[in-house]
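Chains, contacts and geometry: an overview
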Protein chains: 2
Amino acid sequence: MKADSVDPARVQDVLDGRWGHVRRAARTQLAGDHFVAVPGETLEQARERITRLLRELPTDLGAAAMFPDEHGGAFEPGAAVTAAEMLAQLDLSLMVKAGVQWGLFGGAVAALGTRHHHETYLKEIISADLLGCFAMTETGHGSDVHRLRTVCEYDPATGTFDLHTPHEAARKDYIGNAARDGRMAVVFAQLVTQGEGRGVHAFLVPLRDDDGAALPGVTIGDDGHKAGLLGVDNGRLSFDHVAVPREMLLDRYGQVAPDGTYTSPIDNDARRFFTMLGTLVRGRVTVGGAASAATRQALTIAVRYGETRRQFTAPGQDREVVLNDYLAHQRKLLIALARTYAFTFAQEELVTTLQEVQTADGPVDEHRQRELESRAAALKAAQTWHATRTIQTCREACGGAGYLAENRLPGLKADTDVFTTFEGDNTVLLQLVAKGLLTGYRDNFESLDGWGRGTFVAEQVREMVLERTAARSLIRRLVDAAPGGSDAGAFTDRGWQLKMLEDREKHVLEGVIRRLRKGAATKKDRPFDIFNDVQDHVLEAASAHIDRVVLEAFVAGIERATDPAARELLARVCDLFALSTIEAGKGWFLEHERLTPGRSKLLTSAVNGLLKELRPHAATLVDAFGIPDAWLACAILREEPGRQEEMARDDQRRDSRRSTNDE
Amino acid sequence: MKADSVDPARVQDVLDGRWGHVRRAARTQLAGDHFVAVPGETLEQARERITRLLRELPTDLGAAAMFPDEHGGAFEPGAAVTAAEMLAQLDLSLMVKAGVQWGLFGGAVAALGTRHHHETYLKEIISADLLGCFAMTETGHGSDVHRLRTVCEYDPATGTFDLHTPHEAARKDYIGNAARDGRMAVVFAQLVTQGEGRGVHAFLVPLRDDDGAALPGVTIGDDGHKAGLLGVDNGRLSFDHVAVPREMLLDRYGQVAPDGTYTSPIDNDARRFFTMLGTLVRGRVTVGGAASAATRQALTIAVRYGETRRQFTAPGQDREVVLNDYLAHQRKLLIALARTYAFTFAQEELVTTLQEVQTADGPVDEHRQRELESRAAALKAAQTWHATRTIQTCREACGGAGYLAENRLPGLKADTDVFTTFEGDNTVLLQLVAKGLLTGYRDNFESLDGWGRGTFVAEQVREMVLERTAARSLIRRLVDAAPGGSDAGAFTDRGWQLKMLEDREKHVLEGVIRRLRKGAATKKDRPFDIFNDVQDHVLEAASAHIDRVVLEAFVAGIERATDPAARELLARVCDLFALSTIEAGKGWFLEHERLTPGRSKLLTSAVNGLLKELRPHAATLVDAFGIPDAWLACAILREEPGRQEEMARDDQRRDSRRSTNDE
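Remember, predicted model here, so these are calculated numbers, not experimental data.

Cut-offs applied
- Residues numbered from 1 in each chain as written.
- Chains lettered and ligands numbered in written order.
- Predicted model: local features only at pLDDT ≥ 70, side-chain atom pairs only at ≥ 80, totals over all residues.
- Helix = DSSP H or I, 4+ residues; strand = E, 2+ residues; numbered from the N terminus.
- Rg over C-alpha atoms; globule rule 2.2 N^0.38 Å.
- Buried ≥ 20, exposed ≤ 12 C-beta atoms within 10 Å, placed from the backbone.
- Contact = placed C-beta atoms within 7 Å.
- Nonpolar A, V, L, I, M, F, W, Y, C, P; charged D, E, K, R; others polar.
- Core = buried A, V, L, I, M, F, W, Y, C linked by C-beta atoms within 7 Å.
- Pairing = 2+ DSSP bridges.
- Axes fitted to C-alpha atoms, helices over the stretch in contact; angles between N-to-C directions.
- Parallel < 35°, antiparallel > 145°, perpendicular 65-115°, else oblique.
- Expected span 1.5 Å × (residues − 1).
- Arc of directions from axis to C-beta.
- UniProt positions renumbered as here; feature names shortened; annotations may be inferred.
- Least-squares fit on C-alpha atoms with pLDDT ≥ 70 in both.
- pLDDT = per-residue confidence, 0-100.

1. Here's the deal with the overall build of chain A
Looking only at helices and strands, chain A features 23 helices and 13 strands. Relative to a compact globule of 663 residues, whose C-alpha radius of gyration would be 26 Å, chain A shows 27 Å and is just as compact. Overall, chain A is about 105 × 60 × 45 Å in size when its C-alpha atoms are taken along their principal axes. Residue burial in chain A is summarised as follows: out of 663 residues, 56% are buried. Within chain A, counting contacts between residues at least 6 apart in sequence, those at least 24 apart form 74% of the total.

2. Some remarks on the interface of chain B and chain A
With 77 residues of chain B at the contact, the number on the chain A side is 77 residues. Here the residues of the side of chain B that touches chain A are counted per class, giving 26 nonpolar, 28 polar and 23 charged.

3. Notes on the nonpolar core
If you look at the biggest cluster of nonpolar residues, it comprises 420 residues, and the most contacted ones within it are Phe203(A) and Phe203(B). Not counting residues within four places of it along the chain, the set of residues in contact with Phe203(A) comprises Cys152(A), Phe161(A), Leu163(A), Val187(A), Ala189(A), Val244(A), Met248(A), Leu249(A) and Leu250(A).

4. Some words on the pairing of strand S9 (residues 242-245) of chain A
All names here are of chain A. Along S9, the buried face is formed by Val 242 and Val 244; none of Ala 243 and Pro 245, which line the opposite face, is buried. Inspection of the sheet shows strand S3 (residues 160-164) paired to S9 by 4 bridges, in the antiparallel sense. Bridging across to S9, Asp 162 finds its partner in Ala 243.

5. Focus on the packing of helix H9 (residues 327-359) of chain A against helix H20 (residues 597-614) of chain A
Residue and element names in this part refer to chain A. Viewed as axis vectors pointing N to C, H9 and H20 meet at an angle of 90°, and their least axial separation amounts to 10 Å. When the interaxial angle is binned, H9 and H20 end up roughly perpendicular. Residue-level inspection shows Leu 327, Gln 330, Arg 331 and Leu 334 of H9 in contact with H20, the latter providing Asn 608, Leu 611 and Leu 614. Grouping the amino acids of the contact of H9 with H20 by side-chain chemistry returns 4 nonpolar, 2 polar and 1 charged.

6. Some details on the sheet that holds strand S7 (residues 218-222) of chain A
Residues and elements named next belong to chain A. Strands sit in the order S4-S8-S7 across an open sheet of 3 strands; the sheet is antiparallel. A single partner strand is all that each edge strand has here, and the edge strands are strand S4 (172-175) and S7. Each strand of the sheet is rotated relative to its neighbour by a mean of 20°, with strand direction disregarded. Strand direction decides the pairing type here: S7 and strand S8 (residues 235-239), joined by 5 bridges, are antiparallel. Its bridge partner lying in S8, Ile 220 is registered against Leu 237.

7. A short note on the packing of helix H5 (residues 92-112) of chain B against helix H8 (residues 281-308) of chain B
Residue and element names in this part refer to chain B. It is the contact of H5 with H8, at a shortest axis distance of 11 Å, that shows an interaxial angle of 170°. On the basis of the axis angle, H5 is roughly antiparallel to H8. Residues Leu 92, Met 95, Gly 99, Gly 103, Leu 104 and Gly 107 of H5 lie in contact with H8, whose contacting residues are Arg 282, Gly 283, Thr 286, Ala 290 and Ala 294. Looking at the contact of H5 with H8 residue by residue, the class counts come to 5 nonpolar, 5 polar and 1 charged.

8. What to know about helix H3 (residues 43-56) of chain B
Residues and elements named next belong to chain B. Look at H3: 20 Å from first C-alpha to last across 14 residues, which is about the 20 Å you get at 1.5 Å a residue. If you check which residues of H3 are buried, you get Ala 46, Arg 47, Ile 50, Thr 51, Leu 53 and Leu 54. The buried residues of H3 all sit within an arc of 165° when viewed along its axis, so they share a single face. Every exposed residue of H3 that faces more than 90 degrees away from the buried side is listed here: Glu 44, Arg 52, Arg 55 and Glu 56. Tucked into the core, H3 has its buried residues touching H5.

9. Some details on the UniProt feature "domain: Acyl-CoA oxidase C-terminal" (unreviewed entry) in chain A
In this structure's numbering, the residues bearing the UniProt feature "domain: Acyl-CoA oxidase C-terminal" (unreviewed entry) are residues 498-636 of chain A. The span residues 498-636 of chain A is 81% helix and 0% strand, and its two end C-alpha atoms sit 40 Å from each other.

10. A short note on the UniProt feature "domain: Acyl-CoA oxidase C-alpha1" (unreviewed entry) in chain A
Per the UniProt record, the feature "domain: Acyl-CoA oxidase C-alpha1" (unreviewed entry) sits at residues 278-438 of chain A. As annotated, residues 278-438 of chain A has a helix share of 71% and a strand share of 4%, and its two end C-alpha atoms lie 20 Å apart.

11. Here's the deal with the environment of Asp650(B)
Of note, Asp650(B) is situated in helix H23 (residues 635-662). Using a count of 16 C-beta atoms within 10 Å as the deciding quantity, one classes Asp650(B) as partly exposed. Beyond its immediate sequence surroundings of up to four residues, Asp650(B) is in contact with Arg149(A), Pro166(A) and His167(A).

12. Digging into unusual backbone geometry
Where the residue is not glycine, phi is negative for most of them; where a peptide bond is considered, it is trans in most cases. One non-glycine residue with positive phi stands out, namely Gln194(A), at about 50°. Counting through the fold element by element, Gln194(A) comes out in the loop between strand S5 (184-193) and strand S6 (196-206).

13. Here's the deal with the environment of Gly78(B)
If you trace the backbone, Gly78(B) turns up in helix H4 (residues 77-90). Those residues within four positions of Gly78(B) in sequence are excluded, and the remaining contacts are Arg18(B), Trp19(B), Val351(B), Thr352(B), Leu354(B) and Gln355(B).

14. Remarks on the relation of the copies chain B and chain A
At an RMSD of 0.0 Å, chain B and chain A line up after a rotation of 180° and a shift of 0.0 Å along the axis. Both copies of the chain, as the preceding transformation shows, are related through a two-fold rotation axis. Among all residues of chain B, the one whose C-alpha sits closest to the rotation axis is Gly587(B), at a distance of 1.9 Å. When you check the interface residues of chain B against chain A, 100% turn up at the interface there too, and the contact is symmetric in its surfaces.

15. Brief notes about the sheet that holds strand S7 (residues 218-222) of chain B
Sheet strands pair via backbone hydrogen bonds, and the direction of the pair is either parallel or antiparallel. All names here are of chain B. The sheet built from 3 strands is open, its strands ordered S4-S8-S7 with antiparallel pairing. With partners counted over all chains shown, the strands left at the sheet margins are strand S4 (172-175) and S7, one partner each. Averaged over all pairs of adjacent strands, the angle between strand axes in this sheet comes to 20°, irrespective of strand direction. Sheet topology places S4 next to strand S8 (residues 235-239); 2 bridges connect them, and they run antiparallel.

16. A few points about the pairing of strand S1 (residues 132-135) of chain B
All names here are of chain B. Residues Gly 132 and Phe 134 point to one face of S1 and Cys 133 and Ala 135 to the other, with burial holding for every one of them. One ladder, built from 4 bridges, connects S1 with strand S5 (residues 184-193); its direction is parallel. Counterpart to Gly 132 in the pairing with S5 is Met 184.

17. Here's the deal with the confidence of the model for chain A
Residue and element names in this part refer to chain A. Per-residue confidence for chain A gives a mean pLDDT of 91; residues scoring 70 or more make up 93%. In the model, residues 444-456 has pLDDT below 50 throughout and makes 36 contacts with residues more than four positions away in sequence or in other chains. Overall fold confidence for the complex sits at a pTM of 0.95, while the interface term, ipTM, reaches 0.95.

This is how it looks when you write it as structure tokens:
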């Protein structure tokens with residue numbers, strides 16, 4: 001492939017994908033730098049600006065796609081998530097603030113409330129006239145929300161609930177919109193009625209009066225300065241016996257009659273809670289997508305800088321070498337770039353599934369819903385960790401310039417950092433993923449409490465049948481066509497690559513099952529250890545699973561490319577993703593004799609060969625992300641090319657002087 | 001080992017080491033939180049506070065140890081570096097500001113100037129009445145300072161130099177003390193006299209008048225907001241034909257006579273420049289030590305939090321499980337902790353070498369100096385990357401709380417981030433390390449320009465003789481006593497561990513040599529590729545070298561422990577460091593048949609076994625870092641234990657109610 005043989009616009013068509021119209025609308029409607037992050041703001045400046053911009057967002061890029069038409073929306077979850085991804089390219093605070101307002105707060109009112117709540121509040125929520133909070137996490141409980149300590153007890157005498165924070169560990173914490181803007185909150189609390197606990201339910205609770213003062217019984221704290229996301233006003237909420245009217249229970253999945261009688265369409269408490277938590281899935285999908293959007297920006301900056309920035313002269317050359325010509329730089333940036341491409345395809349596949357599941361007619365397909373939740377958890381964890389690592393790499397690849405706020409990277413890094421632990425801690429999410437794989441997404445609500453009942457899981461493990469969501473038949477065909485044996489197959493044989501990752505996933509999962517079963521038999525007196533002793537193995541299974549499904553999504557995505565040159569380039573990027581993934585895991589493949597030592601060494605040469613082949617296309621690959629220059633908001637991209645020209649002229653002048661002297 | 005069998009104070013004695021008196025003095029003299037970082041400051045607040053605190057530092061913890069007695073100092077480089085490490089535990093901005101003022105600016109005047117400069121300026125520099133800059137880096141050249149573009153040309157007619165910035169890429173950039181405080185700067189520029197370039201030299205140049213206004217011809221810019229280190233006023237300097245008096249050349253290594261005649265005790269330009277750069281070594285040693293100091297703080301916070309914070313209940317238990325009991329958490333924190341211990345010993349060994357080399361009488365031992373520079377580069381790169389990774393891990397291990405500025409981790413992360421690229425970009429430093437290994441630290445100035453002359457290096461490579469600095473004979477004995485063969489030796493056999501890392505280093509280096517020689521023969525028409533094609537292999541060699549010397553330092557350090565329980569604990573931590581390092585590199589060891597697949601799998605079990613064994617000592621291991629609570633400045637450490645008690649009481653009350661109801 002020649003460097004100029006591929007039109008980045010053709011690659012961009014493939015990446016823009018199914019919701020390309022949303023991406024194009026965002027690039028047009030949000031053109032310029034009006035909505036772009038501003039470096040070096042104070043906390044107050046950032047909060048003020050983001051609240052203002054939230055209200056200036058065009059509705060179709062903010063709220064509309066999240067809500068049903070009857071409230072002024074046009075419910076299309078795929079479009080909503082894609083719009084959020086575009087906002088993430090402008091300002092991650094703006095994207096998170098929008099996510100809190102419409103995704104979490106508005107989403108909870110829509111999904112957990114009923115007609116009365118919808119009619120009373122959704123219109124003002126969509127217009128951002130009513131700003132609100134999603135008050136689930138407590139200081140003492142983030143991951144294990146099942147064990148929240150806030151209590152809301154019904155009193156039939158007054159027809160109200162008594163909402164109470166029993167101690168500091170039970171206060172709501174890290175709540176977006178709480179410190180400054182929120183007028184109401186969806187508060188999650190343990191419902192008690194007729195003396196009986198009914199598990200966690202959601203209540204719509206006013207927080208502030210029209211002047212912004214906290215209402216009686218409500219104590220509002222400020223989480224203050226954070227590592228990033230300064231534009232989001234995270235805070236703390238405590239309730240001192242606040243009376244909440246009965247109709248403020250968001251009662252779609254659980255109702256309390258005036259006399260205190262509790263009814264629910266879902267009998268099992270844990271199952272009901274899981275159903276309510278299902279509303280969180282869109283948040284996880286959004287966060288994963290936003291992390292990758294930020295990663296693409298960081299890579300665009302670092303790759304473009306590496307195309308002009310020069311350092312150290314090569315022998316026999318006058319001008320210094322551009323950074324992207326160094327193998328070490330290619331190993332840093334191009335491998336991360338290939339993985340970022342892979343995630344872009346995997347994310348689109350996930351968003352498509354989200355759209356299909358959430359807009360399907362008829363009763364919820366629980367198996368499908370669980371699969372969606374598992375895939376969302378998997379890709380949220382994978383993309384956010386990849387973002388943290390890659391943005392750091394890009395920062396370093398830009399040297400001291402990468403540390404200056406004017407070059408955007410510090411903001412991208414600081415803002416995305418929290419993504420690895422919010423909307424679900426990544427390590428906890430990977431365990432959920434593994435659990436889904438082990439139990440075949442069975443309706444296993446009994447072991448809600450983490451992995452406590454390892455015995456249960458061990459007994460329930462299913463036969464190993466790998467799920468495929470992307471282009472099932474294509475991938476089966478490729479795998480079946482791949483030659484067998486540990487040493488067989490060219491490295492670029494797609495079937496061989498797929499088979500290596502599939503085989504690893506199966507084998508690791510089988511190992512976990514074997515050890516859990518053995519543990520269940522031998523560690524009956526130490527039930528915690530049954531699971532805990534294999535926790536590293538469990539996480540490895542989830543990671544192996546993610547690598548496999550992401551590669552499959554990439555392979556399926558290439559099929560969408562109609563332009564032959566774009567398709568050829570994407571195929572090489574896919575090779576780089578697959579081979580660098582196998583290279584990174586060569587310890588496992590050697591240990592399990594899926595690679596011979598000799599072939600393992602050749603693999604490293606193959607990766608280096610691909611880097612050489614892709615090097616001329618580095619700029620094309622980031623151009624294809626289609627990020628407007630104004631959104632990159634990066635000083636060095638504007639200035640560095642001019643400086644390099646100055647230095648080149650400088651050298652020429654010196655050389656001409658020298659030769660004049662020589663004469 | 002029982003959990004309470006080790007007194008952390010005995011472990012601390014070993015860690016405090018040779019400059020324990022400096023550490024103890026700092027803990028006493030800087031007690032309380034007066035000097036501790038303040039979260040959430042604006043740029044201006046941070047700069048104002050740090051400048052003020054710089055002047056309040058007790059002299060013996062700031063400047064004194066860096067300068068000779070005749071100027072009010074007590075030259076002891078080891079004490080100076082240790083004091084800087086202690087400052088890093090208070091506030092990394094304060095440490096960097098002190099490093100700029102006394103280490104770089106004052107250090108350059110002391111090392112590159114002569115009596116006249118010393119007598120005129122050092123006193124005011126030490127007292128911080130004269131604040132100054134070290135203006136080496138330019139916008140266009142950071143790593144390759146040999147190619148700086150600022151020019152300083154001597155004019156015998158006026159007896160002055162003409163200092164000039166020819167274009168924007170030549171402006172000085174990222175210069176500490178420039179944006180706000182610096183009155184003078186040591187400016188590095190290409191000296192031209194009698195029409196001839198003499199290479200880079202240093203000039204002492206006034207920047208501002210007494211009112212702080214820039215002097216004529218000097219343009220001062222502000223680098224503005226950065227990812228971290230807000231208290232350091234980094235800026236930009238440009239010179240428009242500024243006249244610099246002849247005596248302001250710092251002329252220890254190069255003199256210009258009134259008529260413009262140039263003389264130098266060192267003939268070779270490159271060699272002279274290298275000698276001048278030798279003054280930078282203390283900065284690199286300091287940055288590596290500061291990175292580890294910050295790492296120890298982050299680990300202290302995360303491990304202590306993990307000792308009280310609970311999440312998810314174990315089967316059959318009422319209270320939730322503390323985070324440190326999870327294997328996944330131990331894999332995150334304890335392995336990082338073991339490596340941090342290892343670096344603490346390696347750093348002390350390096351500081352000792354620094355002290356010995358810089359205080360030795362008689363002529364400079366060039367081989368020793370090169371070895372010191374190489375080791376400083378190696379440990380700077382290793383410790384700063386370890387800091388970036390580990391502080392991030394600690395942030396995530398504290399969940400949302402880790403993202404709040406009040407819990408210190410965001411500041412530690414943001415401030416240390418730049419360490420991976422300043423005082424030498426880590427990737428460039430690792431190449432220097434490898435080059436030293438390949439050439440036996442030979443006086444190889446010809447290939448100053450990066451690795452351009454790959455052929456030269458390939459021809460010069462020496463026989464492989466590994467250098468040892470720590471307890472040579474002990475380590476030789478242990479290695480010689482280790483059983484041979486790939487499968488032999490218990491995992492905890494120290495000799496086997498040492499041999500594995502030593503063997504890998506030798507083998508990787510030999511591989512690089514072989515490939516460079518082959519490249520030199522076959523790629524004569526592509527000289528750049530000779531080196532570039534093996535760049536990943538070169539970096540691998542440097543990493544393998546670092547792992548080996550760090551393990552040797554740890555092994556030697558354990559010998560200093562006199563308390564048997566402390567010694568036993570350190571030995572287990574050393575096992576964890578060695579085995580987790582081998583585990584992380586198992587791909588290589590399997591590929592090169594130093595581990596069989598079966599033994600490789602057992603290795604993972606051995607690491608998990610060590611984690612179980614060390615788990616009860618986690619708190620002891622961070623207590624032994626001896627960081628005063630006030631210096632940790634972390635809200636969750638004060639609050640979390642109380643919250644957990646509240647929740648436990650809460651549970652008890654509920655349970656007692658429940659049993660009352662049951663009766």
